[in-house]
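Chain by chain, the residues:
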Amino acid sequence: MKQKRLLYNNKVYWGIVALACAAAVVAVVWLLRSLSRTEVSVAVDEGIDITPEQIESIKAIGQWEFLSVADEELVDTVRRGLLTDDHLVRIYYGTLRLGIDMNDVKPGWIATQGDSITVQLPAVGLLDEHFIDEARTKSFHESGRWTGADREALYHKARRQMLSHCLTPRNLRAARENGEAQFRNMMRVMGFNHVEILWE
């Protein structure tokens, strides 16, 4: 009786082992088939996004100088008298800064498509109206009596001459070219391969 029970227990034991082995084989076969059917694909996103925060940080630059032109003007005025003439001659120094103010950009001034970007910029102009350095102004020759209004008139004459000599098409073109180069470099660092700059 004992022997029969032992034989029965051995059969059950080996039956369980065989069943476990069969289940393991089925699991391995299923796993191998699943892995062979799995496809791995890599999608490349060609688009580059420029965030509103990045746009605002560019605008926050404010005034962006592309060219500065130093100038020196000798300006004089003469007042005719009966016996003698009065002369006022002064030398004025100034630096005209040409560039753009990023606060003047219009809505939608940046447009992106894939790795291309179009940037619409305001026209290049004078950044600071007060470009004469009055601390460096020198009186070259003065005879007779001159009022503050006379000196003010001479200052405005010097200012007009500086604008005429420095705010030229050539200097404005050079400032635009410098601006384009700076913007292209910045946009390429951000990942854009094709950069178009448009001016108002």
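Now for a look at the structure at hand. Since the model is a prediction, treat every value here as computed from it, not as a measurement.

Right, let's get into the pattern of salt bridges. Counted under the stated rule, the structure contains seven salt bridges. R97 serves as the salt-bridge partner of E65, at 2.7 Å between the closest nitrogen and oxygen. Taken together, the positions of E65 in strand β1 (residues 63-79) and R97 in strand β2 (residues 86-101) put the pair 32 residues apart, joining distant regions of the chain. A salt bridge links E142 to R151; its shortest N-O distance comes to 2.4 Å. The exposure class of R151 is partly exposed, given its relative accessible area of 25%. What emerges from the salt-bridge pattern is a single network uniting R79, D86 and D150.

What follows deals with the environment of A153. Residue position: A153 is located in helix α3 (residues 148-166). What makes A153 partly exposed here is its relative accessible area of 45%. A C-alpha to C-alpha distance of 9.3 Å links A153 and T77, two positions 76 residues apart in sequence.

Hydrogen bonding along the main chain pairs the strands of a sheet, whether they run parallel or antiparallel. Read from one edge to the other, the open sheet built from three strands follows the order β3-β4-β7, with strand pairing classed as mixed. Each edge of the sheet is formed by a strand with only one pairing partner; in this case those strands are β3 (110-113) and β7 (194-199). Strand-to-strand, the axes of this sheet are offset by a mean angle of 15°, without reference to chain direction. Both strand β4 (residues 116-121) and β7 contribute to a ladder of six bridges, which runs parallel. Along β7, the bridge assignment pairs S116 with H194. Strands in contact with helix α4 (residues 169-189) are β3, β4 and β7; relative to β7, the strand with the most contacts, it is inclined by about 145°.

How each quantity is defined
- Residues numbered from 1 in each chain as written.
- Predicted model: local features only at pLDDT ≥ 70, side-chain atom pairs only at ≥ 80, totals over all residues.
- Heavy atoms only, no water.
- Salt bridge = Lys/Arg side-chain N within 4 Å of Asp/Glu carboxyl O.
- Helix = DSSP H or I, 4+ residues; strand = E, 2+ residues; numbered from the N terminus.
- Buried < 20%, exposed > 50% of the residue type's maximum accessible area, 1.4 Å probe, protein only.
- Pairing = 2+ DSSP bridges.
- Axes fitted to C-alpha atoms, helices over the stretch in contact; angles between N-to-C directions.
- Contact = heavy atoms within 4.5 Å.

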